[in-house]
Amino acid sequence: MYLTKEEEKILDGDEGEVEERLFRLLVRLGEIYGADKMIPVGSVQVAGVSYKSISDPGIEFLEDMASKGAKVKVLTYLNPAGMDLENWEKIGFPKDFAKNQLRIMDAFKNMGIVVTSTCTPYLAGNLPRFREHIAWSESSAVSFSNSVIGARTNREGGPSALAAAICNRTPNYGLHLWEKRQPNIKVKVDADLDFNADFGALGYFVGKQVKNKIPYFIGIKNANTDQLKALGAAMAASGAVALYHVEELTPEADLVEKNGLETINVGKRELDETYEKLNSGKDPDVVILGCPHASLREISTLAGKLKDKRLKKPIWICTSRMMKEAADRMGFTEIIEKAGGYVVADTCMVVSPIEKMGYKTTGVNSGKAANYLPGFCKQEVVFANINKLIEAQL
Ligand code: F3S
């Protein structure tokens, strides 16, 4: 791989021990994947933030980096943490967990990382442009930025994203290259997609079928950005789809080569079977929406459905701190709290320790959450659209 003189000097240790170590990691990755050179990145998003995922060795690694003066050089955001960073006590997150989570946040902050923990950074002030090279790690955010925005990122691991932030570079391979962004399977959809959950079910089904391929969808008549984020998140979870195109809807769909591709068909039957497969429980102890993190539109929809109602069981809607503040101002948070719910910021149902908070069955409208909750949080799952989930709690 070609390295500039400046990059050679980083490897010689001219920029200090931390940068040398992390740059070596990037060079090694580049060599493995056949990158021709390093490219600068416009922004970074780092996963591996929840204490539940990284535990004590993770804290030690981050505190060690921060104490050695590691500083990021580009706009860098974080994936969800393990709890609401402000209201954790009120919502009932365990104290010892909170203590460790706050240490993690301090270490990130000392490295100059924006301590906004969200899997929808594009809704919270970190919005890349079309064709911008970035290094993001959360799989749903990777899918959204590649597919819906047309930015370019591989699915980075936590350490390689951190390295990209500190070195302001990433190896030029994979989805950074136009020829690697071409679809290699067509998906023909013939079903009504009314709810975000329907897009989650579609994504779950397609991800299982296509694994890490790049699907080109036809037959999706319309979809807003919330529905596209639900679709991409589920495909990244059940498969490893990091980029998809939708005819007439996503920015590269007109530009890519889609002739002669093998086609798979998805209709109502496949979606019904997916709903059935993802339902392992019956009566949820808690309903958690906002996977990926809810937009203001999704929070406002929930508030509209809960106005002057009282729920039997709690509902959380997970979101970024920025969206929560807007929801507070609009009075949505108050409506949701009066009904017995919470607008929970900075975290989500998968990376928070819900299994230690007494919950055994969780209701969700997200194909991604339905995929991960049984394994990560030992939950039985009720997977349904928002109307069904709420009606059952009134
Ligand atoms: Fe985001 Fe958590 Fe879902 S990180 S995509 S809300 S599993």
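Computed from a prediction, not measured in an experiment: that's the story for all the values here. Numbers given for residues are sequential positions, taken from 1 along each chain in its written order. Predicted model: local features are reported for residues with pLDDT of at least 70 only, side-chain atom pairs are reported and counted for 80 or more only, and whole-chain, interface and lining totals are derived from all residues. Only hydrogens and water are set aside when side-chain values are computed; all heavy atoms of the structure are taken into account.

(A) The overall build of the chain, seen in detail. Regarding its fold elements, the chain presents 15 helices and 14 strands. The C-alpha atoms of the chain give 21 Å as radius of gyration, which agrees with the globular expectation for 394 residues (21 Å, within 12%). By principal-axis analysis of the C-alpha atoms, the chain measures approximately 65 × 55 × 35 Å. Any residue under 20% of the maximum accessible area for its type is buried, any over 50% is exposed, and the rest in between are partly exposed; the area is computed with a 1.4 Å probe on protein chains only. Put simply, the chain has 394 residues, and 60% of those count as buried. A contact between two residues is defined here by any heavy atoms of the two lying within 4.5 Å. Residue pairs in contact within the chain that sit at least 24 positions apart in sequence constitute 78% of those at least 6 positions apart. For the accessible areas, the method is Shrake-Rupley and the probe is 1.4 Å, while residue cover comes only from the protein chains on display. Element-wise, carbon and sulfur atoms account for 48% of the exposed surface of the chain, whose accessible area totals about 16400 Å². Positive: Lys, Arg. Negative: Asp, Glu. His and the chain ends are not part of the count. In this description, the location of a charge corresponds to atom NZ of lysine, CZ of arginine, CG of aspartate or CD of glutamate. Distance from the positive charge centre (50 side chains) to the negative charge centre (51 side chains) of the chain: 2 Å. In DSSP terms, a helix is any run of H or I states spanning at least four residues, a strand is any run of E spanning at least two, and both are numbered starting from the N terminus. We compute the radius of gyration from the C-alpha atoms alone; for a globule the expected value is 2.2 Å times N to the 0.38, where N is the number of residues.

(B) Region of the structure containing unusual backbone geometry. A cis amide bond links Cys291 with the next residue in sequence, Pro292, at an omega value of -10°. Positive phi, close to 50°, is recorded for Asn168, a residue that is not glycine. Structurally, the position occupied by Asn168 is in the loop between helix H7 (158-167) and strand E5 (170-171). Taking relative accessible area as the criterion, Asn168 reaches 23% and is therefore assigned partly exposed. Positive phi is not limited to glycine here, since Lys378 has a value of about 50°. Tracing the sequence through the fold places Lys378 in the loop between helix H14 (367-377) and strand E14 (380-383). Residue class for Lys378 comes out exposed when judged on its relative accessible area of 65%.

(C) Layout of the site of the ligand. Every residue near the ligand is listed here: Pro80, Cys119, Ser140, Gly290, Cys291, Pro292, Cys348, Val350 and Lys368. Here the residues of the shell around the ligand are counted per class, giving six nonpolar, two polar and one charged. Either an automatic procedure or a domain database provided the assignment from which the domain bounds are taken. Looking at the shell around the ligand, you find at least three residues from each of domain 1 (5-178) and domain 3 (279-391). Whether a residue is near a molecule or strand depends on its heavy atoms: it is near if one of them lies within 4 Å of it. Polarity classes work like this: nonpolar for Ala, Val, Leu, Ile, Met, Phe, Trp, Tyr, Cys and Pro, charged for Asp, Glu, Lys and Arg, and polar for all others, with Gly in that last group.

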